Amino acid sequence: MRLIIASALVLSALPALAAERCDVPKEKWRPVAELQSELTGKGWTIRNVKTEDGCYEVYGTDAAGTRMEVFFDPATFEAVGSDD
């Protein structure tokens, strides 16, 4: 029972964590095209990029063909998490 309660608490905090992982002023954001170019250079196929909770959220497949949904810091392009 404690595990269920602890899991529920962690899951309820995820939206707040998403907002905290990308706290970059808009003027410091790099263009989406740069992120797409960097990822395609690593073998990704990009389906869509959107902005969510201050991050770039990328939908696509990685070089191994695995479907990905990953949040990236808009200034550094560091992967900062996923919804999975």
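Details of the structure are given in the entry above.
**Some remarks on the environment of Val-32**
Logical step 1: By the secondary structure assignment, Val-32 is in helix 2 (residues 32–41).
Logical step 2: Setting aside its immediate chain neighbours within four residues, Val-32 contacts Val-49 and Tyr-56.

**Brief notes about the pattern of salt bridges**
Logical step 1: For the coordinates displayed, the defined rule picks out four salt bridges.
Logical step 2: Where Arg-30 meets Glu-34, a salt bridge forms, and the shortest distance between an N and an O atom there is 2.9 Å.
Logical step 3: By relative accessible area, Glu-34 is classed as partly exposed at 36%.
Logical step 4: One network of salt bridges, with partners in common, ties together Lys-50, Glu-52 and Glu-57.

**Overview of the nonpolar core**
The tendency in soluble globular proteins is for nonpolar side chains to be buried side by side.
Logical step 1: Core analysis: the largest hydrophobic core is formed by 11 residues, namely Val-24, Trp-29, Leu-35, Leu-39, Trp-44, Val-49, Tyr-56, Val-58, Val-70, Phe-72 and Phe-77.
Logical step 2: Contributions of two or more residues to this core are made by helix 2, strand 2 (55–61) and strand 3 (67–72).

**As for the state of the cysteines**
Logical step 1: The final tally for this structure, using the stated rule, is one disulfide.
Logical step 2: Between the sulfur of Cys-22 and that of Cys-55 lies a disulfide, 1.9 Å long from S to S. Handedness of the Cys-22-Cys-55 disulfide follows from its S-S torsion of about 100°: it is right-handed. Placement of Cys-22 in the loop between helix 1 (2–21) and helix 2 and of Cys-55 in strand 2 is noted, with a sequence separation of 33 residues between them.

**Section: the sheet that holds strand 4 (residues 79–82)**
Logical step 1: Taken in spatial order, the four strands line up as 1-2-3-4 in an open sheet, and their pairing is antiparallel. At either margin of the open sheet sits one strand with a lone partner, and together these are strand 1 (45–52) and strand 4. Between one strand axis and the next, the sheet turns through 30° on average, direction left out of account.
Logical step 2: Strands strand 1, strand 2 and strand 3 of the sheet are contacted by helix 2, whose axis makes an angle of about 145° with strand 1.

**Quick notes on the packing of aromatic side chains**
Logical step 1: Here the structure, examined in full by the defined rule, presents three aromatic pairs.
Logical step 2: Between the aromatic rings of Trp-44 and Phe-72, the centroid separation amounts to 6.1 Å while the plane-to-plane angle is 70°, which identifies the pairing as edge-to-face. Taken together, the positions of Trp-44 in the loop between helix 2 and strand 1 and Phe-72 in strand 3 put the pair 28 residues apart, joining distant regions of the chain. Comparing Trp-44 with Phe-72 shows no difference in burial state: the two are buried.

**Concerning the pairing of strand 4**
Logical step 1: As paired strands, strand 3 and strand 4 are joined by three bridges and run antiparallel to one another. By the bridge assignment for strand 4, Phe-71 is matched with Gly-81.

The rules behind these values
- Residues numbered from 1 in each chain as written.
- Predicted model: local features only at pLDDT ≥ 70, side-chain atom pairs only at ≥ 80, totals over all residues.
- Heavy atoms only, no water.
- Helix = DSSP H or I, 4+ residues; strand = E, 2+ residues; numbered from the N terminus.
- Contact = heavy atoms within 4.5 Å.
- Salt bridge = Lys/Arg side-chain N within 4 Å of Asp/Glu carboxyl O.
- Buried < 20%, exposed > 50% of the residue type's maximum accessible area, 1.4 Å probe, protein only.
- Core = buried A, V, L, I, M, F, W, Y, C linked by side-chain atoms within 4.5 Å.
- Disulfide = S-S within 2.5 Å.
- Pairing = 2+ DSSP bridges.
- Axes fitted to C-alpha atoms, helices over the stretch in contact; angles between N-to-C directions.
- Phe/Tyr/Trp six-rings, centres within 6.5 Å; stacked < 30°, edge-to-face > 60°.

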